[in-house]
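If you want the building blocks of each chain, they are given just below.
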Amino acid sequence: DRYTYIIMLTAKDGINDMVIGLESGIDDFMIKPFDKRELNARIKIGERIINLENQLHDNLEIMNQSRQEWAATTEAIPQLICLLDADSTVIRSNGTLSGWQLARQDELQGRKLHNLLRRIFPEFATQIRQQWFDAKEFLEKGHMYAFDGTDTNTNRFFHVQFEPIGNTLTAEHSFAAVSIQDTTK
């Protein structure tokens, strides 16, 4: 669905006619008789807008393809991978979240990482919550933070690694990525 730029040439010269035409979806409006130079200039404007629209469309297709490839890649990873905001709220996660029976993807909205872990791994969830404050300080300085945790209730061992995302000082949404690997032998 490529964009079509529409210039309306009309003998109607009232402001209401122009407003009706623009509100109905035309991009430009010229009153007859018109000057060819003006029409050519407006056509060039239309070509620039069409080129920008096409570039935007192509970039969105590339982004969607990349998103699908990334999703397929992260689904194959056995570690739990989550994207977190600065309050440790999970923004996005790979399929390991549901594979570990922590939550479904549609249950992520507004949930903190330790709260997702608490149902299956209560002791480890407490460790995540306690370590988050130290991790956040490291992440704000652009450094990674890692620790090993345990959950004696389930006899599970974990390696946790937080990585900063971009400039953590100006991040509005994505703050850190966390990888949690079950290292139980």
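You'll find the structure just up there.
Now for a look at the structure at hand.

What counts and how
Residues numbered from 1 in each chain as written. Predicted model: local features only at pLDDT ≥ 70, side-chain atom pairs only at ≥ 80, totals over all residues. Heavy atoms only, no water. Pairing = 2+ DSSP bridges. Helix = DSSP H or I, 4+ residues; strand = E, 2+ residues; numbered from the N terminus. Axes fitted to C-alpha atoms, helices over the stretch in contact; angles between N-to-C directions. Phe/Tyr/Trp six-rings, centres within 6.5 Å; stacked < 30°, edge-to-face > 60°. Buried < 20%, exposed > 50% of the residue type's maximum accessible area, 1.4 Å probe, protein only.

Structural notes on the sheet that holds strand S5 (residues 145-151)
Strand order in the open sheet made by the five strands is S4-S3-S7-S6-S5, with antiparallel pairing throughout. Of all the strands in the sheet, just strand S4 (90-93) and S5 have a single pairing partner and so form its edges. In this sheet, adjacent strand axes meet at a mean angle of 25° when their direction is disregarded. The sheet contact formed by strand S6 (residues 156-164) and strand S7 (residues 176-182) spans seven bridges and is antiparallel. Within S7, the position partnered with Val160 by the bridge is Ile180.

A closer look at the packing of aromatic side chains
The tally for this structure, following the rule as stated, stands at eight aromatic pairs. Plain terms: the ring middles of Phe121 and Phe158 are 5.0 Å apart, the flat faces sit at 70° to each other, and that makes the pair edge-to-face. With Phe121 in the loop between helix H4 (113-118) and helix H5 (122-140) and Phe158 in strand S6, this residue pair connects regions lying 37 residues apart in the sequence. This pair shows no difference in class: Phe121 is buried, exactly as Phe158 is. For the ring pair Trp132 and Phe175, a centre distance of 6.1 Å and an interplane angle of 65° mean the geometry is edge-to-face. One end of the pair, Trp132, is in helix H5; the other, Phe175, is in the loop between S6 and S7, and 43 residues separate them in sequence. Of the residues examined, Trp132 reaches a relative accessible area of 7% and is grouped as buried. Residue Phe175 is classed as buried on the basis of its relative accessible area, which comes to 2%. Put simply, the rings of Trp100, Phe121, Phe124 and Phe158 pair up and form one aromatic cluster.

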